[in-house]
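Chain and residue survey
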Amino acid sequence: MLKKFPFAALLCAVALASGCTTHLSEGQKRELDAYEQKGLKAEEKSVGTAAVLGIFPMAGYFYTGTRCWR
């Protein structure tokens, strides 16, 4: 049992480190370029920064661009 633990731990570490992302296909690159040309491309925000700013009232909303009022 203990001999299988290092292999299982290594396998889990590799699976977690590999992630779920791949490179964009050619069609996806063309679609992204079209969005950029139209000014519709959304920029991703840092999750960590949003979490830290979320502690302070309204700071997280301003960072992510979320409207919390009407």
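Reference entry: report on the structure contained in this document.

Conventions and cut-offs
- Residues numbered from 1 in each chain as written.
- Predicted model: local features only at pLDDT ≥ 70, side-chain atom pairs only at ≥ 80, totals over all residues.
- Heavy atoms only, no water.
- Helix = DSSP H or I, 4+ residues; strand = E, 2+ residues; numbered from the N terminus.
- Buried < 20%, exposed > 50% of the residue type's maximum accessible area, 1.4 Å probe, protein only.
- Areas by Shrake-Rupley, 256 points an atom, 1.4 Å probe, with all protein chains shown as cover.
- Salt bridge = Lys/Arg side-chain N within 4 Å of Asp/Glu carboxyl O.
- Patch = residues over 30% accessible without salt bridge, like charges linked within 9 Å, V, L, I, M, F, W, Y side chains within 5 Å.
- Expected span 1.5 Å × (residues − 1).

**Overview of the overall build of the protein chain**
A tally of regular secondary structure across the protein chain gives four helices and zero strands. Reading the secondary structure of the protein chain in the N-to-C direction produces α-α-α-α. Buried residues in the protein chain amount to 1% of all 70 residues. Here the protein chain displays about 6,800 Å² of accessible surface, and carbon together with sulfur accounts for 64% of that area.

**Here we look at the pattern of salt bridges**
Across all of its chains, the model carries one salt bridge by this definition. Among the ionic pairs, Glu 26 bridges to Lys 29, the shortest N-O distance being 3.7 Å. In this pair, Glu 26 and Lys 29 are both assigned in helix α2 (residues 26–38), three residues apart and thus about one turn of the helix distant. For Glu 26, a relative accessible area of 52% corresponds to the exposed category. With relative accessibility at 37%, the residue Lys 29 sits in the partly exposed group.

**Digging into a nonpolar patch on the surface**
Taken together, the side chains of Val 52, Ile 55 and Phe 56 define a hydrophobic patch exposed on the protein surface, amounting to about 330 Å² of accessible area. The topology assignment puts Phe 56 in the loop between α3 (47–53) and α4 (59–64).

**A look at α2**
With 13 residues, α2 should cover 18 Å at 1.5 Å per step; its first-to-last C-alpha distance of 19 Å lies within 8% of that length. Phi turns positive, to about 75°, at Gly 39, one or two residues after α2.

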